[in-house]
Amino acid sequence: MRAALDESRAALGTTSPNPAVGCVIVRDGRIVGRGRTQPPGEAHAEVMALREAGDLARGAEAYVTLEPCSHHGRTPPCTDALIAAGVAAVHFSIEDPDPRVAGSGAQALRDAGIEVHEGDGAAEAERLNEGFLKHRRTGLPFVIAKFAASLDGRIAASSGDARWVSGEPARAWAHDLRTRIDAIVVGSGTVRADDPHLTARPGGTLAARQPLRVVIDGAGHTSAHARVFDGAAPTLVATTERSAPGWRAELAERGVDVALLPGTDGRHLDLGALLALLGEREVLTVLVEGGGVLLGALFDQRYVDRLYAVIAPVIIGAHDAPAAVAGRGASVMREAPRLRDLTVERLGEDVLIEGVPVWPAGEDS
């Protein structure tokens, strides 16, 4: 199963809205076929592995990181391919929560006389496809919050200057991360302050697959000539009736997708409505790189599923320097979410802290 998980990991960032699945075919203790999910509309991991195995698949065992599909979608069912190939057993890590599968894949294999085993590598398979799994279970994307901050929790100097809080290794890591997610979300304040491209540029080169760029601007203050509207990647602006119709029309003329969403208090855009819209559009993973106001709102409303915090060895100070997370926050310590499943990694001189928020009542996001 380790080899199948490696194939799954290698497929990340290329398969959405399908899951990134890995599969290997094993005969007499030797891997005779390897496969990973191809881009949408192309072959799934099981079919790729069976193609490589050829006749050696008959009587062999298949190891796959997700329950094989049993329905006709963009491609035929993988269960049909496994049955036709004559495999003797299928080991899969986790059940597919998609209502079109959800146990029916395993049952189809059993009905065909194939041994079925579930659970090997489950924890890692869950992590690799956390976006797909949440989307299939809730209809919403998996929300990743990311910020780079000083040791005293500031994301910029008091003047607003934020270039650069973190070092080059951390910025390279961030561009690699962008290649594996479906959408990057920022607020209009970040666009006005930094004028970012919001593209994935691993190694300084524009990646072939770009995430959707999402700008939240309820009032329509962002310049239509900002770099995020340069056409280098698909871009969505989420706004409200407060923005001027002429501004929305100008953005649309530049090829920007403009979504009119409800507000919550006459000032702020409804983040729940935005996440629901992205979920409807089959966006599985969202990376929020906004400022403290946007991140604060996401934490206040418990929308954050995972946090990446890059901490730089610098002290900024100044009472009016912007904090990494603002919002209403916790009035007492017992209300503050803490992180579980912590990992800590060095990125050059910076430290990357990663974890999953646990909300005060013991409820995960």
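A brief structural summary. Every value quoted in this text rests on a predicted model; they were computed, and no experiment measured them.

### A look at the overall build of the chain
Okay, so step 1: The helix and strand inventory of the chain stands at 11 helices and 14 strands.
Okay, so step 2: The C-alpha atoms of the chain give a radius of gyration of 22 Å, which matches the 21 Å a tight globule of 365 residues would have.
Okay, so step 3: Counting only C-alpha atoms, the chain reaches 70 × 45 × 40 Å along its principal axes.
Okay, so step 4: Across the 365 residues of the chain, 50% fall into the buried class.
Okay, so step 5: In the chain, the share of contacts with a sequence separation of at least 24, taken over all contacts with a separation of at least 6, comes to 67%.
Okay, so step 6: Carbon together with sulfur atoms contributes 51% to the accessible area of the chain, which is approximately 16,400 Å² in total.
Okay, so step 7: The positive charge centre, built from 38 side chains, and the negative charge centre, built from 49, are 3 Å apart in the chain.

### Considerations on the sheet that holds strand β9 (residues 235–239)
Okay, so step 1: The strand order β10-β9-β8-β7-β11-β6-β12-β14-β13 describes an open sheet built from 9 strands, whose pairing is mixed. A strand with exactly one partner marks an edge of an open sheet, and here the two such strands are β10 (257–260) and β13 (338–347). Within this sheet the neighbouring strands show an average axis-to-axis angle of 20 degrees, counted without direction.

### Quick word on empty space enclosed by the protein
Okay, so step 1: Tallied over the full model, the rule gives 1 cavity of 30 Å³ or more.
Okay, so step 2: As a volume, the largest cavity reaches approximately 50 Å³.
Okay, so step 3: What lines the largest cavity is simply Val-185, Ile-216, Leu-271, Leu-274, Leu-275, Val-286, Val-288 and Leu-298.
Okay, so step 4: At the level of elements, α10 (271–280) and β11 (285–288) are the ones that each hand at least two residues to the lining of the largest cavity.
Okay, so step 5: If you tally residues by element for the lining of the largest cavity, the top one is α10, at 3 residues.

### What about the side chain of His-91?
Okay, so step 1: On the secondary structure map, His-91 appears in strand β4 (residues 89–94).
Okay, so step 2: Overall, His-91 belongs to the buried group, its relative accessible area being 14%.
Okay, so step 3: Of the polar contacts made by the side chain of His-91, one reaches the side chain of Glu-61; its length is 2.6 Å.

### Things to note about the packing of aromatic side chains
Okay, so step 1: This structure, assessed with the given rule, holds 2 aromatic pairs.
Okay, so step 2: Between Trp-173 and Tyr-308, the ring centres sit 5.2 Å apart and the planes meet at 70 degrees, which makes this aromatic pair edge-to-face. Linking Trp-173 in helix α7 (residues 168–178) with Tyr-308 in strand β12 (residues 306–311), this pair joins segments that are 135 residues apart in sequence. Across the pair, exposure class does not vary: Trp-173 and Tyr-308 are buried alike.
Okay, so step 3: Ring geometry for Phe-299 against Trp-359: centres 6.1 Å apart, planes inclined by 65 degrees, an arrangement best described as edge-to-face. In this pair, Phe-299 sits in helix α11 (residues 292–300) while Trp-359 sits in the segment after β14 (350–358), placing the two residues 60 residues apart along the sequence.

### Considerations on helix α4 (residues 104–111)
Okay, so step 1: Listing the buried residues of α4 in full gives Gly-105, Ala-106 and Leu-109. Down the axis of α4, the buried set is contained in an arc of 100 degrees. They therefore lie on one face.
Okay, so step 2: On its buried face, α4 sits against α3 (78–85), β4 and β5 (115–118).
Okay, so step 3: With its phi angle positive at about 85 degrees, Gly-113 sits one or two positions after the end of α4.

### What to know about the pattern of salt bridges
Okay, so step 1: Evaluated as defined, the whole model comprises 22 salt bridges.
Okay, so step 2: Of the charged contacts in the structure, one is a salt bridge between Arg-34 and Glu-7, with a shortest N-O distance of 3.9 Å. Of this pair, Arg-34 sits in strand β2 (residues 30–36) while Glu-7 sits in helix α1 (residues 2–11), and the two are 27 residues apart along the sequence.
Okay, so step 3: Residue class for Arg-34 comes out partly exposed when judged on its relative accessible area of 37%.

### A short note on the sheet that holds β4
Okay, so step 1: Spatial strand order, β2-β1-β3-β4-β5: 5 strands in an open sheet with mixed pairing. Each end of this open sheet is capped by a strand with a single partner; those strands are β2 and β5. This sheet shows a mean twist of 15 degrees between the axes of neighbouring strands, independent of strand direction.
Okay, so step 2: Where strand β1 (residues 22–27) meets strand β3 (residues 61–66), 4 bridges bridge the pair, whose relative direction is antiparallel.

### Quick notes on the nonpolar core
Okay, so step 1: Counting 35 residues, the largest nonpolar core has Ile-25, Leu-50, Ala-57, Leu-82, Val-87 and Val-90 as the members making the most contacts within it.
Okay, so step 2: Residues within four places of Leu-82 in sequence aside, it is in contact with Glu-46, Leu-50, Ala-62, Pro-68, Val-87, Val-90, Leu-109 and Ile-114.
Okay, so step 3: Residues Ile-155, Val-185, Ile-216 and Leu-261 belong to the second largest nonpolar core, which totals 32 residues.

### Side note on the packing of helix α2 (residues 45–53) against α3
Okay, so step 1: It is at 9 Å that the axes of α2 and α3 come closest, and there the two elements cross at 25 degrees. In terms of orientation, α2 and α3 fall into the roughly parallel class. As α2 packs across α3, the resulting crossing turns out to be left-handed. Packed against α2, whose contacting residues are Glu-46, Val-47 and Leu-50, the element α3 presents Cys-78, Ala-81, Leu-82 and Ala-85 at the interface.

### Some points on the layout of surface pockets
Okay, so step 1: Estimated volume of the second largest pocket: approximately 630 Å³.
Okay, so step 2: Lining the second largest pocket are 30 residues, and of these Leu-12, Arg-127, Leu-128, Glu-130 and Arg-180 lie nearest its centre.
Okay, so step 3: Mapped onto the lining of the second largest pocket, the elements with two or more residues apiece are α5 (122–128), α6 (130–138), β6 (142–149), α7 and β14.
Okay, so step 4: Here the lining of the second largest pocket is built from residues that sort into 13 nonpolar, 8 polar and 9 charged.

The rules behind these values
Residues numbered from 1 in each chain as written. Predicted model: local features only at pLDDT ≥ 70, side-chain atom pairs only at ≥ 80, totals over all residues. Heavy atoms only, no water. Helix = DSSP H or I, 4+ residues; strand = E, 2+ residues; numbered from the N terminus. Rg over C-alpha atoms; globule rule 2.2 N^0.38 Å. Buried < 20%, exposed > 50% of the residue type's maximum accessible area, 1.4 Å probe, protein only. Contact = heavy atoms within 4.5 Å. Areas by Shrake-Rupley, 256 points an atom, 1.4 Å probe, with all protein chains shown as cover. Lys, Arg positive; Asp, Glu negative; His and termini not counted. Charge placed at Lys NZ, Arg CZ, Asp CG, Glu CD. Pairing = 2+ DSSP bridges. Axes fitted to C-alpha atoms, helices over the stretch in contact; angles between N-to-C directions. 1 Å grid on protein atoms, 1.4 Å probe; cavity = no way out; pocket = protein on both sides within 12 Å on 5 of 7 lines; lining within 4 Å. Points joined across faces, edges and corners; volume = space filled by probe spheres on them. Polar contact = N/O pair within 3.5 Å; in protein donor to acceptor, adjacent residues only side chain to side chain. Phe/Tyr/Trp six-rings, centres within 6.5 Å; stacked < 30°, edge-to-face > 60°. Arc of directions from axis to C-beta. Salt bridge = Lys/Arg side-chain N within 4 Å of Asp/Glu carboxyl O. Core = buried A, V, L, I, M, F, W, Y, C linked by side-chain atoms within 4.5 Å. Parallel < 35°, antiparallel > 145°, perpendicular 65-115°, else oblique. Left-handed = near helix turned anticlockwise from the far one by under 90°. Nonpolar A, V, L, I, M, F, W, Y, C, P; charged D, E, K, R; others polar.

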